[in-house]
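So the chains spell out like this:
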Amino acid sequence: MSAASRALPPSPARVRPRRAALITAVGGAVAALLLSACTSGGASGGGDTNFVMGKDGVSTVEPGKRDAAPDLSGKTVAGGQLDLKNYRGKIVVLNVWGSWCSPCRAEAPNFEKVYTDLKGQGVQFVGINTLDTSNKNALAFEKQQGITYPSLSDPKGKLLLRFKKGTLSLQAIPSTLVIDRKGKIAARSLAALSEEKLRSMISPVLAEK
């Protein structure tokens, strides 16, 4: 085989532009994912048939068609331990949030106010703090917003992956689920909530016997 017919390795001058283009493409995809993960406009959960979307953007499920919430346990942002199954018999409002998320900051006061009003009626609020690179940021968020209910620490989003497909959109942060007294998912919002909408999510489940 002649030297001319051999395949020559690409020159460094040709490799560098290709590598730069690849890095740019990957970086753009990651940026797009991060941007889609923090939204006040909601998103589709996909793959489910039991949720019925209301005019207010809140989806609900009839009692006989509800899926059980997954087992959720682990370390809290404050450093304690939490196991969701210990709240069985109570209504649980589960809110996914991040300190880096502007809509999460906007809705946080609404959650603390409603929690304060309803905790005496058997309603427990639990957060899932996700995709925060530093627990200090999450702690600062809770302190600034005056949050008194616990939040599970989920910096890599592993807890979110436990949810059945269609139950929760992993790209919708913030998002909120209402879990009934039997541990089943009764309502869902994939957007930031006003105090009025949050109360409207909880009230029908609270009225169930």
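Calculation rules
- Residues numbered from 1 in each chain as written.
- Predicted model: local features only at pLDDT ≥ 70, side-chain atom pairs only at ≥ 80, totals over all residues.
- Heavy atoms only, no water.
- Axes fitted to C-alpha atoms, helices over the stretch in contact; angles between N-to-C directions.
- Helix = DSSP H or I, 4+ residues; strand = E, 2+ residues; numbered from the N terminus.
- Left-handed = near helix turned anticlockwise from the far one by under 90°.
- Contact = heavy atoms within 4.5 Å.
- Nonpolar A, V, L, I, M, F, W, Y, C, P; charged D, E, K, R; others polar.
- Buried < 20%, exposed > 50% of the residue type's maximum accessible area, 1.4 Å probe, protein only.
- pLDDT = per-residue confidence, 0-100.

Participant: Explanation requested: the packing of helix α2 (residues 102-118) against helix α4 (residues 195-207) in the structure shown.
Facilitator: The relative placement of two packed helices comes down to the angle between their axes together with the axis-to-axis distance. Remark: α2 packs on α4, axes separated minimally by 9 Å, with the N-to-C direction vectors making an angle of 35°. Viewed along their axes, α2 and α4 form a crossing whose handedness is right-handed. Along the contact surface, α2 presents Asn110, Phe111, Lys113, Val114, Asp117 and Leu118, while α4 presents Glu195, Leu198, Arg199, Ile202 and Leu206. Within the contact of α2 with α4, the residues separate by chemical class into six nonpolar, one polar and four charged.

Participant: Help me understand unusual backbone geometry, please; the structure alone is not making it clear to me.
Facilitator: Peptide bonds are, in most cases, trans, and in most cases residues other than glycine have a negative phi. Going from Ile173 to Pro174, the amide bond is cis rather than trans, its omega being 5°. For Pro174, the position within the fold is in the loop between β7 (151-154) and β8 (175-179). The backbone of Leu131 shows a phi angle near 60°, a positive value even though the residue is not glycine. The class of Leu131 is partly exposed, set by a relative accessible area of 35%.

Participant: Looking at this model, I keep getting lost on the confidence of the model for the chain. Mind explaining?
Facilitator: Atom-level detail of predicted coordinates should not be read off regions where pLDDT is low. Counting all residues, the mean pLDDT for the chain is 83, and 77% of those residues have values of 70 or more. Here residues 2-9 scores under 50 on pLDDT; set against residues more than four positions off or in separate chains, the count is two contacts. Contacts from residues 40-48, a stretch scored under 50 in pLDDT, to residues over four places away or in other chains number 20 contacts.

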